[in-house]
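Given next are the chains, with one letter for each unit.
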Amino acid sequence: MLKKIHTILNNMNLQKVRFTVQLLSFVLFVYGGYFAIDFGSKLPIFACPYNKEAVGACYLIPLQHQLSMPAQVLLGGAGIGVIVGFLGFLFWFIFLNKAWCGYVCPFGTFQDWLTMLRKKMRVRFSIYTQNQFEDLSKIKYLFLIIVLFIPLLMGIGVLGSEWSASFCQMCPARVVSPMFSGDFSQWIIDFSSITAMILTALGMIFAGLFLLGSFVKKRFFCFFCPMSALHFIFSNLSMVQLKKDGSKCTKCGDCYAVCDMQIKDIADDVTSINILRDDCIMCLKCIAACPEEDALHFDIFKFRAFSSTKEGFEKRMNIEKPKQAEVKFSQKGHSDD
Amino acid sequence: MVHFVKRDKNDIFSKPVLGFLFKNSRFLLLLRVTVAILFFYALYFGFAHPTRENIFTTAVFWGVFWALFMVVTLPTFGRIFCSICPHGFLGKYITRFGLKKTMPKYLQNRYIGIGILVVGWWGVYYTFDGFFKSPLNTAAMFSGLTILAFIVYYFYKDMSYCKFICPIGTLTRAYDKLSFTKLETYSQSCKECRTFECASACQYNLKPFTFAKKNQTDDCTLCMDCASSCEAVAFKFTKPAQQLSSKLKILNAEVWTYILIFASIPVSMGFAHGLNRSKIADEFIWNKTAEFFDLGHYAGGFAFLYAIIFSVFFATFGIYLASKILKKDYDSTFTNLGVALVPLFIFASLGHTLETFFTKEYKMIIEGFAQGLGFLVHVENIAQRGDGWLVYFELFKWIGIVWAFMLLYKRMQLIEATKLRKVFGYFFASSVILFYIALNIYTGYVFSKYGAKERGEHGSSRDVSHSPVSESALQDSKRVKKNSTYEAKKPIIDEEQIYFSLTNTSLKMHSHGGRPEAKGTIPTKKVWLLADTKNSPHDENLTTYAFDTMHTLIDLKSQNNAYTFEIPKNGYYTLFAVSQNSKDGNNFYKVAKLEYLHGNHGSKDIYTEDIKKQLSQNKTKIDLIRIKSKDEDSFFYTNQMGNTLTFQAFLDNKPLQNATVNIELQSAWIKKLQTDENGTVAFTIVRDYFPSWNEFDKRYKQNMLLTLKYSDDTTNYILTYPATYYPNNNDYESYGYALMLMTLTLVVAGIVVYRYRKNRLKPFKEESYA
Amino acid sequence: MTNAIETPKEKQNRHKAMEAIKLLNTLREDFKSPLRSMEYFYKLFEDVHCHQKALHEDKTKIGTMCIQIPSEIIYALDGVPIRLCNGFYTDDEIGGDLLPQKACPLVKATVGHFASGNFSDMPDIVFSPTTCDQKTKAGAVIESFGYKIFDVDFPRTKESEASREYWRRSVKQFAVELSKFQGKKLTRSNLENSIKKIGYAQSLYHKLSDFRKLDVVPILGIDVFLVTNAFFFDKIDNWIEAMQNLLKELEQRVQNKINVAGKISPRIVYTGSPPIFPNFKIPQLIEESDAIIVADETCSSNRMFNDMVAVDEWNLYDMMDSISDKYLKACTCPIFTKNEDRIRRVIQLVKAYKADGVVYQAFAGCTVYEMEQRSVLEAMEKEGIPILYLESDYSPSQGGQLSTRIEAFMESLKTRRRNKK
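This one's a predicted model, so the numbers in the text were calculated from it and none came from an experiment.

Draft legend 1. Examining the overall build of chain A more closely. A tally of regular secondary structure across chain A gives 17 helices and four strands. Relative to the globule expectation of 20 Å for 337 residues, the C-alpha radius of gyration of chain A, 22 Å, shows essentially globular dimensions. Each principal axis of the C-alpha atoms in chain A carries an extent, and together these give about 75 × 50 × 45 Å. Across the 337 residues that make up chain A, the buried fraction comes to 58%. Long-range contacts, defined here as pairs at least 24 residues apart, represent 68% of the contacts in chain A between residues at least 6 apart. Summed over all atoms, the accessible surface of chain A reaches about 13900 Å², with 69% contributed by carbon and sulfur.

Structure below.
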């Protein structure tokens, strides 16, 4: 019986499942407000509350507001409130680990839809070189530092109140998310102070880069997301994990080739068991693309919810008995690339 | 002995600057001589100038060495303090010429040193307040210790003074475990050694070649004699508290040091200098006990005593229970787990010492040393008490607490027991840490609830931060600073008008009485009823009415001229105050109205059209209602400059035409309008806020007051309606620029990406040589 | 019947036929329970090598010197890939006059074959990846005979990004060159179909391998070598069909519990220089010593089929990149600087197929396999896996010494097995 369940799970068409889950999550988190659903403000995804009908708020907003309290208040009793809020965030996070990024985050879903548009237009995607990858992947930690430390500097009086929610002012999600409800009111540059002007201008620039970048590169923004950095710090606490059995791995690189985030360690690291890296969005495409039995698996506690199997691989790659008709070719025609 | 060894990367001796500082025997000699000279000079100075004018002696001893230097070097590089100590330095020479007897067993007791420290120093410090502030006492104490040290060095060998008698001998050995350095040898080189120069060079009779295997350095004081004797000695960087990750022989005396020093410093200070400064200081048990024994003057000593009792109790009882749960013997559990307490004192002390360095010690050290060298210097401290960023030093003790938990976990891992037992054992073994956390939280609670003693009542009271008043003053002072160039004009008054105000202008400090109280109670709002800047209307004819969001009457509590009402839900709350009087044969019917929109971010209320419904009431004869526009769709709607406000006047619930409506803005803009046949009047709020860009505050609130006046045959009716308005966000938010910027970004990025991708057809690009 | 003197070509054909038929008859007769479906393969080899039957008259034959040339692209461009690695002693002797005596016998045989120009399916163009030294140099020698050779740059390291990009570009150049030669354009759907077809063939091999994991193995290792060797030149559709029949028969055999080996036959993993038909000397000796080869790590067999191509976006560039990655990153050929992947593969095979020992055979003159011997031996020792190292070449004279050593090794393995029980 258990074997049957495993077989069904391992053979699933990941693309379809993922698309369905992403669509449902998108509708829920972006339009849930119409149905008066409210999940609170500790969500570990970019469910931006600037989108008025959103069903909750991204955790970075209350975090910034809480940390910007005056230092004496913060280190007094109010600090407990911060810790409680953080535990709330952790509570949400523990269920899905970084799969929040790959399956639920509406911003990520939007990027995947832009990718689908690009595929339809038959435009090929861009990738980073290894050097670019290593340099750029540090940027998310820089944003996380901005999220955490600018409010603290406000709390001790070094920065004024125009820096409040500074990351939100430059976040492209603030500009883009309200678009889903037809609200373009965030397409502004706020000239009320120099700081606000610079930050909102950065916001517009990042939004523009986001739109273009997500079109040419798969999951462009996730590379720079401070929420991803925050997730990764606590990823070991979660109940779902991405694991690898290095002895079964042939380093064929299939997982690396399909990975949206270009994580090389998936293919090349044959010693670590926990293969979740800080860029990973747990989309599980690597498991879907691995042709070895049980080399990569997605565990919920100790239950192997989704493992790589040969059978699953063959099903997903549509390697079935080919038709007897010969392959078509054209002598002088155009290639349909 | 080896003459050359390839040093590891983490060996301090292999580094250019640090290696010189730690290994070069000539430099070390020079350093120690300097310190010895300084030490004796400070002693002499203390005797020569025994009064408080002498700040040199206290600067040397209490400014630099205790506790700053010790607390900073112990958890970092280790026992540097012992390395440069003049006692040890001179003691080596004294022992060379001395009797070199073996110290008798009864003296080979580390508790002697601990006892001198805890009782002889800390006990005296707390009981006799300010005893050690006197240079004479300081000098006398250190001279006494020096003489004792020299005697012991002369009689006994192996530097037994350092190990057993010196008050901080065991202390430095105990806290050295946190450091990120370790002295050991390259075991590969030692394998074939037959002569063991390192052991023969060691005046402490230690065996450096065993340090690596034993995972500890015993009583080593980093004198570096062994390093000079053989090149195989290494002084390596490690992870902090690296020793504690593996099995380690820990002495009982070391764990008792942790407990007693923890009691003497963080806890006693928490009692004597912390809780004792709160308003309810007299209720605490140590003060009560002191009163009972009629020794109130020595209450500090009692605080110290209770601190020791509490700490020892929690430590021993907690570990006793833990040992029973883990089914191990008490002694080994005591040492194995007790060692986890090591960060508590160090970090609490580190935070405090660094903070006082910036607020007190800096000045004391510089001026003191200047005095010692013979000239006068005047400096100011780097920071003031109460400066914002100093608060972060209070975080240090929490770092210590967290690290103590982590260390306890690490030590637990080395014990063999079932997981469940370990969990419970962990809980009980950490009772001391939990006690410390509880003490901190309790202190915070006491101060936030009862406040600090007034200044001057008990010497210096530092806890300004815990009074509730200053906190809002902090915020408001910033606000006031910002608005200073754009001063608020005088509030609009008419000696016959009464009006509601959201702020209490009679207080010197700006106070917004409307902050909702703690969660769990129903939030309330407080407003004031004013007639002019000085008096409040004490009119017997004054009646008040309040309506909630559902247009039902609610209670209005009043105290003097302040009115409080409950605001449980989001929506519009309306207040009326009616006053009737006669003057010179004229009847006046005065109404003060206030419409307050309450919006709470956490509330579940939804803004529907019902919220905007007009309130029709019959409590007052005259009424002025603001007609809410279609754009208002949230509880956080504010009037903005450039918006048009529409009002409708009613008399006896019928529209009132030809009444005068007077509009006065804070900037002294005045407009007089007449109501039309429907009783409505409309006007646009002018834009009157044009500061320079640096001072522009988009949340700049201004007040306006509308006055409705109407006279019929019998009475004169006056109704006041205050409101606030803000800058219009359309004035500073630009869609045009945003769109331009976005388009520009897309185009430029698009071109860059396109060119970059086209470049792929070129053959391999170059490698950069950077 | 003519009295004409035999031409050199005819003589060569006769000798090669003799070698071929000797082995085929051994397979047909000397082993217990031969498979019926294997008859297709025996016949195939007989036709090609004994009767010089041409299989691909209507298509362009693209010769490849090594497995690194992607067959998917060749099929997509309507060519037929013919792997030119040669196993005949006859050709080895011919090549021995043109190449140094100490050179790798496989390369000598290939060069000899080209020198004789005696092909049943002559390749129209040959692509030679720069893998091992001998094959790299052999390209120029073959070109001097008048054949069209195109070198494909193959990197000698595979860890770095630079080598990955280098190989991707080589594959792209290869595709461009081939499509120019064929006069056809590479299209998305063609490539997709060929990837899927070859993937299907690989999946059939995997199913075949699964049978060898059982305790009761229904097929001889030497038969499997033959099947995979057939893939070098057979029509792929025929091969697929024959494989499916074979699988069906094996299914039957498993149900009937037919064992081609003995009860305590040691299970062997064979690794090293590839056994190319008809140079199955060593596998034959092994299986004649009552052992059974359950898995192998050679480029003529396992390495061709082991790794399947995974594609993310089915557009042309992504497919090409995935194909290149598979041929480079998964390759365990010893021509790379580091060989950890090969060691891990062998260990994984031993574990998965429950093997008792490893036989490592290197051709005398094959520098790369000989040099890797030490690290592989050390790794096997660390894992506690018995390993036998052999050197051989194509000459038939070595039989005696080799069989002694092999038999001794098998005996020791049998003893081990008995003791374990």
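This is not the end of the story, as more comes after the structure.
Draft legend 2. Region of the structure containing the overall build of chain C. A count of helical and extended segments in chain C gives 16 helices and eight strands. The C-alpha atoms of chain C give 21 Å as radius of gyration, which agrees with the globular expectation for 421 residues (22 Å, within 12%). Along the three orthogonal principal directions, the C-alpha set of chain C runs to about 65 × 65 × 45 Å. Per-residue burial for chain C yields a buried fraction of 65% across its 421 residues. Of all intrachain contacts in chain C linking residues separated by at least 6 positions in sequence, the fraction that spans at least 24 positions is 78%. A total of about 16100 Å² of accessible surface is found on chain C, and carbon and sulfur atoms cover 51% of it.

Draft legend 3. Here's a closer look at the nonpolar core. Core analysis: the biggest nonpolar cluster contains 149 residues, and Ile 73, Leu 191, Leu 226, Trp 239, Leu 246 and Ile 286 of chain C have the highest contact counts within it. When residues of this core are assigned to their parent elements, the largest contribution, nine residues, is made by helix α8 (residues 188–212) of chain C. Dropping the residues within four chain positions of it, Ile 286 of chain C is found in contact with Ile 268, Tyr 270, Ala 291, Ile 293, Val 359, Ile 406 and Met 410 of chain C. Grouped together as the second largest cluster of nonpolar side chains are 121 residues, Met 70, Phe 164, Cys 198 and Cys 223 of chain B included.

Draft legend 4. Geometry of the sheet that holds strand β3 (residues 125–129) of chain C. Residues and elements named next belong to chain C. Reading across the sheet, the four strands line up as β2-β1-β3-β4 and stay open at both edges, with parallel pairing between neighbours. The sheet is open, and its two borders are formed by β2 (79–83) and β4 (149–152), each paired with just one other strand. The sheet shows a mean angle of 30° between the axes of neighbouring strands, taken without regard to direction. Here four bridges tie β3 to β4, and the two strands are oriented parallel to one another. Residue pairing for β4: Ser 128 is matched across the bridge by Asp 151.

Draft legend 5. Region of the structure containing the side chain of Ser 278 of chain B. All names here are of chain B. Mapping Ser 278 onto the fold places it in the loop between α14 (252–274) and α15 (285–292). Residue Ser 278 is classed as buried on the basis of its relative accessible area of 0%. A polar contact is formed between the side chain of Ser 278 and the backbone oxygen of Leu 275, at a distance of 2.9 Å. Among residues more than four places away in sequence, those in contact with Ser 278 are Phe 284, Val 446, Phe 447, Gly 451, Ala 452 and Lys 453.

Draft legend 6. Structural view of the pattern of salt bridges. Per the counting criterion, the structure on display carries 66 salt bridges over all chains. Shared partners join several salt bridges into a network, and the residues in it are Arg 164, Glu 165, Arg 168, Lys 172, Asp 321 and Asp 325 of chain C.

Draft legend 7. Representation of unusual backbone geometry in the model. The omega torsion of the bond from Phe 277 of chain C to Pro 278 of chain C falls at 0°, within 30 degrees of zero and hence cis. With a phi close to 60°, Asn 658 of chain B is a non-glycine residue in the positive phi region. Here Asn 658 of chain B is to be found in the loop between β14 (654–655) and β15 (660–665). Even without being glycine, Asp 290 of chain C reaches a positive phi, approximately 65°.

Draft legend 8. Representation of the interface of chain C and chain A. Each partner contributes residues to the interface: chain C has 47 residues there, and chain A has 52 residues. Summed over both sides, the interface of chain C with chain A buries roughly 4200 Å², with 50% coming from carbon and sulfur. Between the two partners, chain C and chain A, sit six salt bridges. One salt bridge in this structure joins Glu 313 of chain C and Arg 118 of chain A, with 2.8 Å as the shortest N-O distance.

Draft legend 9. Looking closely at empty space enclosed by the protein. Residues and elements named next belong to chain C. For the coordinates displayed, the defined rule picks out 19 cavities of 30 Å³ or more. Its boundaries defined by the atoms lining it, the largest cavity holds a volume of some 410 Å³. Taken together, 24 residues line the largest cavity, and the ones lying closest to its centre are Val 48, His 49, His 113, Ser 120 and Phe 233. Looking at the lining of the largest cavity, the elements with two or more residues in it are α1 (8–30), α2 (38–50) and β2. Considering each element in turn, the lining of the largest cavity owes the most residues, three residues, to α2. For the lining of the largest cavity, the class distribution of residues is 12 nonpolar, nine polar and three charged.

Draft legend 10. Structural context of the sheet that holds strand β4 (residues 303–307) of chain A. All names here are of chain A. With respect to topology, three strands assemble into an open sheet ordered β2-β3-β4, the strand pairing being antiparallel. Each end of this open sheet is capped by a strand with a single partner; those strands are β2 (240–244) and β4. Strand-to-strand, the axes of this sheet are offset by a mean angle of 30°, without reference to chain direction. Taken together, the five bridges between β2 and strand β3 (residues 296–300) define a ladder with antiparallel strand orientation. For Val 240, the partnering residue across the bridge sits in β3 and is Ile 300.

Draft legend 11. Molecular detail of the domain arrangement of chain A. Residue and element names in this part refer to chain A. Segmenting chain A into domains produces domain 1 (2–232) and domain 2 (239–316). Listed by partner, the interface residues are 33 residues for domain 1 and 31 residues for domain 2. Broken down residue by residue, the surface that domain 1 buries against domain 2 is led by Asn 10, Asn 11 and Leu 14, which jointly contribute 20%. Linking domain 1 with domain 2 are two salt bridges. Among the salt bridges present, the one from Asp 279 reaches Lys 140, with a minimum N-O distance of 2.4 Å. Going through the elements one at a time, α1 (2–10), α2 (14–31), α5 (78–96), α6 (99–104), α8 (130–136), α9 (139–155) and α13 (226–233) are the ones with two or more residues in the side of domain 1 that touches domain 2.

Draft legend 12. Here's a closer look at the environment of Gly 32 of chain A. Mapping Gly 32 of chain A onto the fold places it in the loop between α2 and α3 (60–67). In this structure the C-alpha to C-alpha distance between Gly 32 of chain A and Val 55 of chain A, which are 23 residues apart in sequence, comes to 5.0 Å.

Draft legend 13. Broad picture of the interface of chain A and chain B. The partner chain B presents 33 residues to the 35 residues of chain A that form the contact. Looking at the side of chain A facing chain B, the largest losses of area belong to Gln 72, Leu 75 and Ser 192 of chain A, adding up to 18% of the total buried there. Counting across the chain A and chain B interface gives one salt bridge. Lys 698 of chain B is paired through a salt bridge with Asp 190 of chain A; the nearest N and O atoms lie 2.7 Å apart.

Draft legend 14. A positive patch on the surface, seen in detail. Together, Arg 52, Lys 133, Lys 360 and Arg 385 of chain B make up a region of like positive charge exposed at the surface. Relative to the elements of secondary structure, Lys 133 of chain B occurs in the loop between α6 (110–127) and α7 (135–155).

Draft legend 15. Main features of the pairing of β15 of chain B. Residues and elements named next belong to chain B. Strand direction decides the pairing type here: β15 and strand β16 (residues 670–674), joined by five bridges, are antiparallel. Paired with Val 661 across the strands is Leu 673, a residue of β16. The antiparallel pairing of β15 with β16 creates a hairpin that spans four residues between the two strands, and Ala 668 there sits at a positive phi of about 80°. Note that β15 and strand β18 (residues 702–711) share six bridges and pair antiparallel. By the bridge assignment, Glu 664 is partnered in β18 with Leu 705.

Calculation rules
- Residues numbered from 1 in each chain as written.
- Chains lettered and ligands numbered in written order.
- Predicted model: local features only at pLDDT ≥ 70, side-chain atom pairs only at ≥ 80, totals over all residues.
- Heavy atoms only, no water.
- Helix = DSSP H or I, 4+ residues; strand = E, 2+ residues; numbered from the N terminus.
- Rg over C-alpha atoms; globule rule 2.2 N^0.38 Å.
- Buried < 20%, exposed > 50% of the residue type's maximum accessible area, 1.4 Å probe, protein only.
- Contact = heavy atoms within 4.5 Å.
- Areas by Shrake-Rupley, 256 points an atom, 1.4 Å probe, with all protein chains shown as cover.
- Core = buried A, V, L, I, M, F, W, Y, C linked by side-chain atoms within 4.5 Å.
- Pairing = 2+ DSSP bridges.
- Axes fitted to C-alpha atoms, helices over the stretch in contact; angles between N-to-C directions.
- Polar contact = N/O pair within 3.5 Å; in protein donor to acceptor, adjacent residues only side chain to side chain.
- Salt bridge = Lys/Arg side-chain N within 4 Å of Asp/Glu carboxyl O.
- Buried area = accessible area lost by both parts, 1.4 Å probe.
- 1 Å grid on protein atoms, 1.4 Å probe; cavity = no way out; pocket = protein on both sides within 12 Å on 5 of 7 lines; lining within 4 Å.
- Points joined across faces, edges and corners; volume = space filled by probe spheres on them.
- Nonpolar A, V, L, I, M, F, W, Y, C, P; charged D, E, K, R; others polar.
- Domains from an automatic or database assignment.
- Patch = residues over 30% accessible without salt bridge, like charges linked within 9 Å, V, L, I, M, F, W, Y side chains within 5 Å.
- Lys, Arg positive; Asp, Glu negative; His and termini not counted.
- Charge placed at Lys NZ, Arg CZ, Asp CG, Glu CD.

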